[in-house]
Structures are given as C-alpha cells and as structure tokens.
Amino acid sequence: MLTRRFLLGTLTAALFAPVAQAQDIPMFYVTDGAAMAGYDAVSYFNDGVPVRGQPEYAVVWKGAEWHFASAENREAFERDPRAFAPQFGGYCAYAMALGELSSTDPTLWDVVDGRLYLTHSPQIDAMWHEDQAEYIRMAEKNWPVVLYEK
C-alpha cells in the first residue's frame, strides 16, 4: 500500500527530474531500484549489520528511493537522513579517494566517526582498510565534484 510520504516524495522527485537528468549522474548510487540496493541505512547504526529494507517502508530523499526494515527505522531516517545516508552518495569510498565513481556492495561497509562508508568488492575493501583516514581525506576532496566531471 502506498503511503502519503511515498507519494509526496515521488511527486517531489518528479518535479526535480529535469535537474537530475541535466547532471546525468545521480547524487546517490542506486541499484535494484533503490539506494544502497535496498538495504536499510539505519540498520548499520542500530543493528550493527546491514539488513534488507522493504518497499512498504520506503521514502524518497534526494531523488533516490530508500528502503527500511521497519517504520521506526524509516522515521529515524526521515528525522535526520544525513546522519544515516552513506558518504559520497553511496558510491565506493575507495574509488572516490581516487577521483572515480564505482558501484558498491552494501555488505562491505564501515562506520567511521559516525559516518557510513561503502566499498565495491572484498579486494577493494581490503585496500580501503589499509589507510581509511587518508582515503576519507582524499575522497572528501573529490566529492561531489567527481559527479560533474564525468
């Protein structure tokens, strides 16, 4: 059943669609129709593990559909989405450090200083762990500029 939040979010996204299309690359990496491939962004913080979200607990934020495992998690996200959304738009944090955009695997993650970071593959995740602080510093210099350079 569609909720009023979902319908209002979809309408808002439709109104801003021409702007999103103009930049070609979305602010948040989306796969399988949802940000973070449908994983619940709040679960990384509250449960300490990634949990699949459900479409019935969806919300649209910043042009992406976000799924949650419960109404409580959806409401927590709605209160402060920046606290839960992955850094660098959910693109691979290691690739962002190199000034590149790459897909991510939501099961490869870290919370560092209260921020969620995702990586692309087990091999990339291993490299990311070699010097996270430096890679975060480098990635912050590239974000969001890299979206407009490609």
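The text that follows walks through the structure, step by step, so that each part is easy to find. (Residues numbered from 1 in each chain as written. Predicted model: local features only at pLDDT ≥ 70, side-chain atom pairs only at ≥ 80, totals over all residues. Heavy atoms only, no water.)

1. Thoughts on the pattern of salt bridges
Close approach of charged atoms lets side chains of opposite charge pair. The tally for this structure, following the rule as stated, stands at one salt bridge. Residue E134 is joined to R137 by a salt bridge in which the shortest nitrogen-to-oxygen separation is 2.4 Å. Linking E134 with R137, this pair stays in helix 8 (residues 132–142), spanning three residues, or about one helical turn. By relative accessible area, which is 37% here, R137 ends up partly exposed. (Salt bridge = Lys/Arg side-chain N within 4 Å of Asp/Glu carboxyl O. Helix = DSSP H or I, 4+ residues; strand = E, 2+ residues; numbered from the N terminus. Buried < 20%, exposed > 50% of the residue type's maximum accessible area, 1.4 Å probe, protein only.)

2. Describing the packing of helix 7 (residues 122–130) against helix 8
Packing of helix 7 against helix 8 leaves a shortest axis separation of 5 Å and a crossing angle of 100°. If you check the angle between helix 7 and helix 8, you find them roughly perpendicular. Between helix 7 and helix 8, the residues in contact are M127, W128, H129 and E130 and Q132, Y135 and I136, respectively. For the contact of helix 7 with helix 8, a count of residues per class yields four nonpolar, two polar and one charged. (Axes fitted to C-alpha atoms, helices over the stretch in contact; angles between N-to-C directions. Parallel < 35°, antiparallel > 145°, perpendicular 65-115°, else oblique. Contact = heavy atoms within 4.5 Å. Nonpolar A, V, L, I, M, F, W, Y, C, P; charged D, E, K, R; others polar.)

3. Let's talk about the packing of aromatic side chains
Aromatic ring pairs are reported here in terms of the distance separating the ring centres and the angle at which the planes meet. The final tally for this structure, using the stated rule, is 15 aromatic pairs. Relative to F84, the ring of F45 has its centre 5.5 Å away and its plane inclined at 75°; by these criteria the two rings are edge-to-face. In this pair, F45 is assigned in helix 3 (residues 43–46) and F84 in helix 5 (residues 81–84), connecting sequence segments 39 residues apart. Classification of F45 as partly exposed rests on a relative accessible area of 26%. Measuring from ring centre to ring centre gives 5.0 Å for Y94 and Y135, while their planes differ by 75°; the resulting arrangement is edge-to-face. Taken as a pair, Y94 in helix 6 (residues 93–97) and Y135 in helix 8 lie far apart in primary sequence, 41 residues in all. Each member of the pair, Y94 as well as Y135, carries the same accessibility label: buried. A connected cluster of aromatic rings, assembled from ring pairs, spans Y29, F88, Y91, Y94, Y117, W128, Y135 and W143. (Phe/Tyr/Trp six-rings, centres within 6.5 Å; stacked < 30°, edge-to-face > 60°.)

4. Quick word on the environment of M27
With respect to the helices and strands, the residue M27 is situated in the loop between helix 2 (17–23) and strand 1 (30–31). Relative accessible area serves as the criterion here: at 28%, M27 is assigned to the partly exposed category. Through-space distance from the C-alpha of M27 to that of G90 is 8.7 Å; in sequence the pair is 63 residues apart. Apart from residues lying up to four places away in sequence, M27 is in contact with G89, Y91, W143, L147 and Y148.

5. Considerations on the side chain of N73
Turning to its location among the elements, N73 is positioned in helix 4 (residues 71–79). Classification of N73 as buried rests on a relative accessible area of 11%.

6. Here's the deal with the side chain of D125
Among the secondary structure elements, D125 is positioned in helix 7. If we ignore the near neighbours within four places in the chain, the residues touching D125 are L108, D110 and T119.

7. What to know about the nonpolar core
Counting residues in each nonpolar core, the largest one holds 20 residues, and the members touching the most others are F88, Y91, Y94, M96, Y117, W128 and W143. Taken together, the elements giving at least two residues each to this core come down to helix 6, helix 7, helix 8 and helix 9 (145–149). In terms of residues, this core owes the most to one element, helix 6, which gives five residues. Grouped together as the second largest cluster of nonpolar side chains are 19 residues, Y39, A41, Y44 and F68 included. (Core = buried A, V, L, I, M, F, W, Y, C linked by side-chain atoms within 4.5 Å.)

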